[in-house]
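# Inside the fold
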Amino acid sequence: MGDLKVIQTVSDMHRTADEMRASGLRIGLVPTMGYLHGGHLSLIRQARRASDRVVVSIFVNPMQFGPQEDYATYPSDFERDVKLIQGMGGDLVYAPSAKEMYPEGYATYVAVERLTQHLCGPTRPRHFRGVTTVVTKLFAAVKPHVAVLGQKDAQQAVVVRQMVRDLDLDVEIRVAPTVREADGLARSSRNVYLSPGERREAPVLYQALQEARSLVAQGERRAAVVVEAMRQRIAARPHARIDYVCVVNAEDLRPVEALSGAVLFALAVRFGKARLIDNFQVSL
Ligand code: PAF
């Protein structure tokens, strides 16, 4: 196992990134908010294949949480994360403090329009502005050649790709498949919020997506019919509170009526304190 370096300041990160680039090394970045699980580990694996040095950032970004959301209680275990990253062959952890990222007087934001009005946009109004701002800052500090994001956060990946295109950022975005528990529940740091009863019901997100998949395989092309089948399946679980169940165009994220081309089936469902999201994409 190689030595894992932990960097906490922007200036150290700049210097180290410059040194890596000067040595001709390709830098891969896996941006995270910590409390790592199997999904993150697969992102690190993908970054290792695509680069010479893997930087994992751990930063719980206050800017992407709404006032009623779980910023203050977001789970964390830095020591465990560092061990996992080391075990996966990561080279560097970038873990700045909130003060380092947003010092007194901070006033700059990066916002992607249109794409952020759909899916999670209406219920999390400032969320994506927080994500794109912090990802821009992470790109500026780490100077990665490639960054790896997860398909579970499909909208985030589409929004970040758009931002990279629009701002001419020289970073390749790769998206790694969702990693699931044996019963289909997508891995998420927020799964720890689930009570045992909620945890038993939570795989219904995956089951609803599977139902959509089989309806489509049988030839169903009416989005409303597929959405209704997914809604009914989820609503049958007593702890589930649907935030949205949508079928959208996978590129512009606008809702579709007839299923054709690349479409994304996406849902967000609350179970008690946890708001879970999941999706699958298909080309018809
Ligand atoms: O997906 C996440 O964990 C976060 O949104 C990210 C990309 C690390 C930005 O804070």
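Everything discussed here concerns the structure shown above.
The structure displayed is predicted, hence computed values, not measured ones.

What follows deals with the environment of Q232. Relative to the assigned elements, Q232 resides in helix 9 (residues 223-235). Since its relative accessible area comes to 52%, Q232 is described here as exposed.

A few words on the pattern of salt bridges. Counting across every chain of the model gives 16 salt bridges. Among the ionic pairs, D12 bridges to R15, the shortest N-O distance being 2.7 Å. Placement of the pair is D12 and R15 together in helix 1 (residues 10-22), with a separation of three residues, close to one helical turn. For R15, a relative accessible area of 44% puts it in the partly exposed group. Salt-bridge contacts for K152 lead to D153; the nearest nitrogen and oxygen are separated by 3.9 Å.

Let's shift gears to the packing of helix 8 (residues 204-217) against helix 9. Contact geometry for helix 8 and helix 9: axes closest at 9 Å, N-to-C directions at 150°. By the angle class used here, helix 8 and helix 9 are roughly antiparallel. Of the two possible hands of crossing, helix 8 and helix 9 adopt the one that is right-handed. Within the contact between the two elements, helix 8 uses V204, Q207, A208, L209, E211, A212 and L215 and helix 9 uses V226, A229, M230, R233 and I234. The class makeup of the residues in the contact of helix 8 with helix 9 is nine nonpolar, one polar and two charged.

Below, the discussion takes up the pairing of strand 3 (residues 53-58). In terms of residue burial, strand 3 counts as a mostly covered element, since five of its six residues are buried. The handedness of the strand 2 (residues 27-32) to strand 3 crossover, carried by helix 2 (residues 38-50), is right-handed. Pairing of strand 3 with strand 4 (residues 92-94), which is carried by three bridges, proceeds in the parallel orientation. Bridging across to strand 4, V55 finds its partner in L92. Handedness of the β-α-β unit built from strand 3, helix 3 (residues 78-87) and strand 4 comes out right-handed.

By convention here, two paired aromatic rings are described through the distance between centres and the angle between planes. Within this structure, the stated rule accounts for six aromatic pairs. The interplanar angle of 90° and the centroid separation of 6.2 Å between the aromatic rings of Y106 and Y109 together place this pair among those described as edge-to-face. Taking relative accessible area as the criterion, Y106 reaches 25% and is therefore assigned partly exposed. Centre to centre, the rings of F265 and F280 are 4.7 Å apart; their planes meet at 0°, and the pair counts as stacked. One end of the pair, F265, is in strand 8 (residues 262-271); the other, F280, is in strand 9 (residues 274-283), with 15 residues separating them in the sequence. F280 carries the same exposure label as F265, and that label is buried.

Our focus in this paragraph is the packing of helix 1 against helix 5 (residues 127-142). Two numbers describe how helix 1 lies on helix 5: the axes approach to 7 Å, and their chain directions differ by 55°. Judged on the interaxial angle alone, helix 5 and helix 1 are oblique. Facing helix 1, whose interface residues are M13, H14 and A17, helix 5 presents A140, A141 and V142. Split by residue class, the contact of helix 1 with helix 5 holds five nonpolar, one polar and no charged.

Conventions and cut-offs
- Residues numbered from 1 in each chain as written.
- Predicted model: local features only at pLDDT ≥ 70, side-chain atom pairs only at ≥ 80, totals over all residues.
- Heavy atoms only, no water.
- Helix = DSSP H or I, 4+ residues; strand = E, 2+ residues; numbered from the N terminus.
- Buried < 20%, exposed > 50% of the residue type's maximum accessible area, 1.4 Å probe, protein only.
- Salt bridge = Lys/Arg side-chain N within 4 Å of Asp/Glu carboxyl O.
- Axes fitted to C-alpha atoms, helices over the stretch in contact; angles between N-to-C directions.
- Parallel < 35°, antiparallel > 145°, perpendicular 65-115°, else oblique.
- Left-handed = near helix turned anticlockwise from the far one by under 90°.
- Contact = heavy atoms within 4.5 Å.
- Nonpolar A, V, L, I, M, F, W, Y, C, P; charged D, E, K, R; others polar.
- Right-handed = clockwise from strand over helix to strand, strands pointing away.
- Pairing = 2+ DSSP bridges.
- Phe/Tyr/Trp six-rings, centres within 6.5 Å; stacked < 30°, edge-to-face > 60°.

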